[in-house]
Amino acid sequence: MKSFQNIDAKSVQQAVTLLQKFNHEKKSALVVGGGSEALQLMKDNVLTPDYVVNLKTIPGLDTIREERGGFRIGALAKLADIEDHPAIREKLLILSDAAGDAASPQIRNAGTIAGNLCQRPFCWYFRSSSFNCLRKGGQMCYTITGDGRFHAILGAGPSYIVHPSDTAPALVALGAQIKIAGPAGEKTVPIEKFFVLPSVDFKKENILNPGEIVTEIFVPAPKPSSKGFHHKVRERLAWDHAIVAVDTIVESSSGVVRDARVVMGGVAPIPWRAAKAEEFLRGKKLDDAVAKQAGEIALEGAKPLKDNIYKVKMAQDLVQRGLLASV
Ligand SMILES: Cc1cc2nc3c(=O)[nH]c(=O)nc-3n(C[C@H](O)[C@H](O)[C@H](O)COP(=O)(O)OP(=O)(O)OC[C@H]3O[C@@H](n4cnc5c(N)ncnc54)[C@H](O)[C@@H]3O)c2cc1C
């Protein structure tokens, strides 16, 4: 492992100033929350920063606060704390379930929500120092000719990663907002706009620029007439990423949909919102046939690789199941 200098940040401002300084000096720097993912990439020589800026030493960035209209979740709030928070379990169950589905109990006790959203792809080609893949500055995405059985079927190319975060699709379904601090000050963006498709930039997964860090997530409370669903399909129950996940929030009255948000994980390089299916559902009585059709619409345009065509049917069925469970 390449040696690096660790700096314990004392404030958001200090972290941002340091990151900006290192960027100007053309030194590589990595921010670290729980370190559960970042340090592994460093040990595997996939990331080799000169500096590590530790955010865990910033006081108050781990608080979870319920206020009028929703929840403010500090960037350093641990996945386990989100999973177990009584008011989040009561009012944002899909987020609590998604946090509880991520990784293992040990990782959830160390891993933070910002780290979960900003984690790098779990593609085996990206994670192996033997492959200089497109995302690491190489010439090609090895998935196209190699083994892409867990990779993207929607929104992919020229890189075929799937977004690895379990909490991201739930937060998109809930209409969360993400607060970012950087050299130009603070900004808040809908979390849906936080993630970046490879066709826009295949070297990064989110909009963060050098010197910017995530400081908070705001999750609005869903309307009382709405119901959610979260489910993740994986190969085994312990620390395994989603093959396909679905998060839905449906607002309905007597089974008729007023509004619906349908977001899939494990199928695309970003949490994939099925906007056309949502549109189709509005005003319809949600029965078996409608839910099935919505599942088919959600997967329109899917372009599976040679090894992952199974994901199409799996995702269609899971959307159908999620919708029926959301009324
Ligand atoms: C074996 C294993 C299995 C896993 N399985 C799953 C799974 O099934 N589902 C799932 O969702 N996740 C899974 N994960 C990922 C896990 O959830 C993450 O490791 C964890 O959430 C990261 O949190 P952290 O605070 O430790 O992040 P770190 O390791 O500290 O950082 C991760 C990344 O986020 C960046 N980062 C951290 N904090 C900030 C911030 N505030 N602002 C900007 N960037 C930041 C870092 O620079 C780094 O790139 C798995 C991880 C492992 C090791």
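Caption draft 1: Local environment of the environment of Lys91. In this fold, Lys91 is placed in helix α4 (residues 86-91). Residue Lys91 is classed as partly exposed on the basis of its relative accessible area of 36%. C-alpha of Lys91 to C-alpha of Pro224: the two residues are 133 residues apart in sequence and 9.2 Å apart in space. Apart from residues lying up to four places away in sequence, Lys91 is in contact with Glu66, Phe71 and Pro222.

Caption draft 2: Looking closely at the packing of aromatic side chains. A complete count under the given rule lists six aromatic pairs for this structure. With a centroid separation of 5.7 Å and 55° between ring planes, the pair formed by Trp124 and Phe150 is classed as tilted. Residue Trp124 is located in helix α8 (residues 124-127), and its partner Phe150 is located in the loop between α8 and α9 (167-173); the two are separated by 26 residues in the primary sequence. Ring geometry for Phe131 against Tyr142: centres 5.1 Å apart, planes inclined by 65°, an arrangement best described as edge-to-face. Within this pair, whereas Phe131 is found in the loop between α8 and α9, its partner Tyr142 is found in the loop between α8 and α9, the two being separated by eleven residues in sequence. On the basis of relative accessible area, Tyr142 is assigned to the partly exposed category, the value being 24%. Grouped by ring-pair contacts, the aromatic residues Tyr125, Phe131 and Tyr142 constitute a single cluster. Sitting over the ring of Phe126, Lys136 keeps its end group 5.7 Å from the ring centre.

Caption draft 3: Expanded view of the pattern of salt bridges. A complete count under the given rule lists 29 salt bridges for this structure. For Asp50, the salt bridge goes to Lys2, with nearest N and O atoms at 2.7 Å. Taken together, the positions of Asp50 in the loop between α2 (38-43) and β3 (51-54) and Lys2 in the segment before β1 (5-8) put the pair 48 residues apart, joining distant regions of the chain. Here Glu251 ties to Lys223 by a salt bridge, and the two come within 3.7 Å at their closest N and O atoms. In this pair, Glu251 is assigned in strand β10 (residues 244-253) and Lys223 in the loop between β8 (213-220) and β9 (226-233), connecting sequence segments 28 residues apart. Ionic contacts of the salt-bridge type, sharing partners, join the residues Arg65, Glu67, Arg72, Lys179, Glu186 and Glu216 into one network.

Caption draft 4: The arrangement of empty space enclosed by the protein in detail. A full pass over the atoms with the stated rule returns two cavities of 30 Å³ or more. In this structure, the largest cavity encloses a volume near 60 Å³. Contributing to the lining of the largest cavity are Cys123, Tyr125, Cys133, Leu134, Arg135, Cys141, Tyr142, Thr143, Ser159, Tyr160 and Ile161. When its volume is computed, the second largest cavity comes out at roughly 40 Å³.

Caption draft 5: The side chain of Asp166, seen in detail. Position of Asp166 among the secondary structure elements: in the loop between α8 and α9. Engagement of the side chain of Asp166 in a polar contact is seen with the side chain of Lys232, the distance being 2.6 Å. Apart from residues lying up to four places away in sequence, Asp166 is in contact with Ala98, Asp101, Ala102, Asn116, Lys232 and Ala242.

Caption draft 6: Seen up close, the pairing of β10. Here β10 lies mainly inside the structure; nine of its ten residues are buried. In terms of strand pairing, β9 meets β10 through eight bridges, oriented antiparallel. Opposite Phe229, over in β10, you have Thr248 as the bridge partner. Note: β10 against strand β11 (residues 256-265), nine bridges, orientation antiparallel. Looking across to β11, one finds that Ser252 is bridged to Val257. Hairpin connection, β10 to β11: the antiparallel pair is bridged by two residues, and Ser254 has positive phi, about 50°.

Caption draft 7: Expanded view of the sheet that holds β11. Read from one edge of the open sheet, four strands run β9-β10-β11-β12, paired in antiparallel fashion. Among the strands making up the open sheet, the edge pair consists of β9 and β12 (272-273). With respect to the sheet, helix α12 (residues 310-324) is in contact with β9, β10 and β11, its orientation differing from that of β10 by roughly 30°.

Caption draft 8: The site of the ligand, seen in detail. Taken together, 32 residues lie near the ligand, and Val31, Gly33, Gly34, Ser36 and Thr112 sit nearest. Within the backbone of Gly33, a nitrogen or oxygen atom sits 2.7 Å from an oxygen atom of the ligand. One of the backbone nitrogen or oxygen atoms of Asp240 is found 2.9 Å away from an oxygen atom of the ligand. Coverage of the ligand by the protein amounts to 93% of the 970 Å² it exposes when considered alone. At the level of secondary structure, the elements contributing two or more residues to the shell around the ligand comprise β2 (29-32), α7 (113-118) and β8. Broken down by element, the shell around the ligand gets its largest block of residues, four residues, from α7.

Conventions adopted
Residues numbered from 1 in each chain as written. Predicted model: local features only at pLDDT ≥ 70, side-chain atom pairs only at ≥ 80, totals over all residues. Heavy atoms only, no water. Helix = DSSP H or I, 4+ residues; strand = E, 2+ residues; numbered from the N terminus. Buried < 20%, exposed > 50% of the residue type's maximum accessible area, 1.4 Å probe, protein only. Contact = heavy atoms within 4.5 Å. Phe/Tyr/Trp six-rings, centres within 6.5 Å; stacked < 30°, edge-to-face > 60°. Lys NZ or Arg CZ within 6 Å of the ring centre and 35° of its normal. Salt bridge = Lys/Arg side-chain N within 4 Å of Asp/Glu carboxyl O. 1 Å grid on protein atoms, 1.4 Å probe; cavity = no way out; pocket = protein on both sides within 12 Å on 5 of 7 lines; lining within 4 Å. Points joined across faces, edges and corners; volume = space filled by probe spheres on them. Polar contact = N/O pair within 3.5 Å; in protein donor to acceptor, adjacent residues only side chain to side chain. Pairing = 2+ DSSP bridges. Axes fitted to C-alpha atoms, helices over the stretch in contact; angles between N-to-C directions. Near = heavy atom within 4 Å. Areas by Shrake-Rupley, 256 points an atom, 1.4 Å probe, with all protein chains shown as cover.

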